[in-house]
Amino acid sequence: AGDISHVRHENYGSLPCSCGNNGCLATVASGDALRRQWREHTGEELPLPELIERAQQEDPLAVSFFRSAGEHVGHALCEAVGLLNPEAIFLTGSMSTLDIFQAAVRSALYAGCHPLATRSLRIEKASQEDASLRGAALMATELVTH
């Protein structure tokens, strides 16, 4: 039920983020970040759905951007997994529809976490658009009832 997009790390650089901070995960692993990277490398403006389509068609540059974004997300999740030992991580958003993104998240998590923390960890795309809201509501309900 969390949003890690504004976690900051030196590996994310120092680009300004929409939240007002610099170097947030969102500056390297969001739709806007990938569109910016595409524009910087090709000079071409592409909406995110078209960039996703290019990755699905195995465009090497698009695939590399989504793989890198997934690795960043996976590394950011490592601390949460180590600390909280969740049963599952559900990825949301349009980037999570890409197998290459999901695989990069998994790979980074498996490489960066203790094996006991990932042994039975489910990592998958959320099946509902409002998964974050539902997760937060479930957590709040459990806190109140226990």
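Owing to the predicted nature of the structure, the values given are computational and were not obtained by experimental measurement.

Moving on to helix α3 (residues 60-84). With 25 residues, α3 should cover 36 Å at 1.5 Å per step; its first-to-last C-alpha distance of 35 Å lies within 8% of that length. Its side-chain oxygen 3.0 Å from the backbone nitrogen of L61, D59 forms the N-cap of α3. N85 sits one or two residues past α3 and shows a positive phi near 50 degrees.

This part covers the environment of E10. Note on placement: E10 falls in the segment before α1 (31-42). When the C-alpha positions of E10 and C24 are compared, they lie 9.0 Å apart, and in sequence the two are 14 residues distant.

Let's shift gears to the side chain of H72. Along the chain, H72 falls in helix α3. Residue classification places H72 among the buried positions, given a relative accessible area of 18%. Non-local contacts of H72, meaning those with residues more than four positions away in its chain, are made with N11, Y12, L25, V28 and A29.

Running from amino to carboxyl end, α3 crosses helix α4 (residues 99-112) at an angle of 40 degrees, the nearest separation of the two axes being 7 Å. Between α3 and α4, the crossing angle belongs to the class labelled oblique. Regarding α3 and α4, the two cross each other, and that crossing is right-handed. Together, V63, F66, R67, A69, G70, E71, V73, G74, H75, L77, C78 and V81 of α3 and I100, F101, A104, V105, A108, L109 and G112 of α4 make up the contact between the two elements. Looking at the contact of α3 with α4 residue by residue, the classes come out as 13 nonpolar, four polar and two charged.

For E58, which is not a glycine, the phi torsion comes out positive at approximately 65 degrees. A positive phi angle, close to 50 degrees, is found at N85, a residue other than glycine. Summarising the element assignment, N85 is placed in the loop between α3 and β1 (88-91).

Taken as a whole, this structure holds six salt bridges when the rule is applied. Where R35 meets D32, a salt bridge forms, and the shortest distance between an N and an O atom there is 3.8 Å. One end of the pair is R35 and the other is D32, both in helix α1 and three residues apart, which spans about a single turn. Exposure remark for R35: the relative accessible area of 26% places this residue in the partly exposed category. A salt bridge links E44 to R54, with the nearest nitrogen and oxygen atoms 3.1 Å apart. Remark: R54 occurs in helix α2 (residues 48-56) and E44 occurs in the loop between α1 and α2; sequence separation between them is ten residues.

Look at α1 against α2: their axes get within 10 Å of each other, and the N-to-C directions meet at 70 degrees. One way to sum up the angle between α1 and α2 is to call them roughly perpendicular. Here α1 contributes G31, L34, R35 and W38 to the contact with α2, which in turn contributes L48, L51 and R54. For the contact of α1 with α2, the class distribution of residues is four nonpolar, one polar and two charged.

Criteria and cut-off values
Numbering of residues begins from 1 in every chain and follows the order in which that chain's sequence is written. The predicted nature of this model means local features are confined to residues of pLDDT at least 70 and side-chain atom pairs, given and counted, to a pLDDT of 80 or more, with totals for whole chains, interfaces and linings taken over all residues. Calculation of side-chain values draws on the structure's entire complement of heavy atoms; hydrogens and water are dropped beforehand. In this description a helix means any DSSP run of H or I spanning at least four residues, a strand means any run of E spanning at least two, and both kinds are numbered starting from the N terminus. Expected span of a helix: the number of residues minus one, times 1.5 Å. Within 3.5 Å is the distance limit for a polar contact, defined as a pair of N or O atoms, with the added protein rule that one can donate a hydrogen and the other accept it, and that residues adjacent in sequence qualify only through two side-chain atoms. Per-residue accessibility, obtained with a 1.4 Å probe over protein chains only, is compared with the maximum for each type, and a residue is labelled buried under 20%, exposed over 50%, and partly exposed between these values. Any two residues having at least one pair of non-hydrogen atoms within 4.5 Å are treated as being in contact. Each axis is a line fitted through C-alpha atoms, taken for helices only over the stretch in contact, and angles between the N-to-C directions span 0 to 180 degrees. Roughly parallel refers to an angle under 35 degrees, roughly antiparallel to one over 145, roughly perpendicular to one between 65 and 115, and oblique to any angle outside these ranges. The hand of a helix crossing depends on one turn: near helix anticlockwise from the far one by less than a right angle means left-handed, and clockwise means right-handed. For this classification, the nonpolar set comprises Ala, Val, Leu, Ile, Met, Phe, Trp, Tyr, Cys and Pro, the charged set comprises Asp, Glu, Lys and Arg, and every other residue, Gly included, is treated as polar. Salt-bridge detection follows one rule: a side-chain nitrogen of Lys or Arg within 4 Å of a carboxyl oxygen of Asp or Glu.

Remember, this is a structural readout, not a statement about activity or role.
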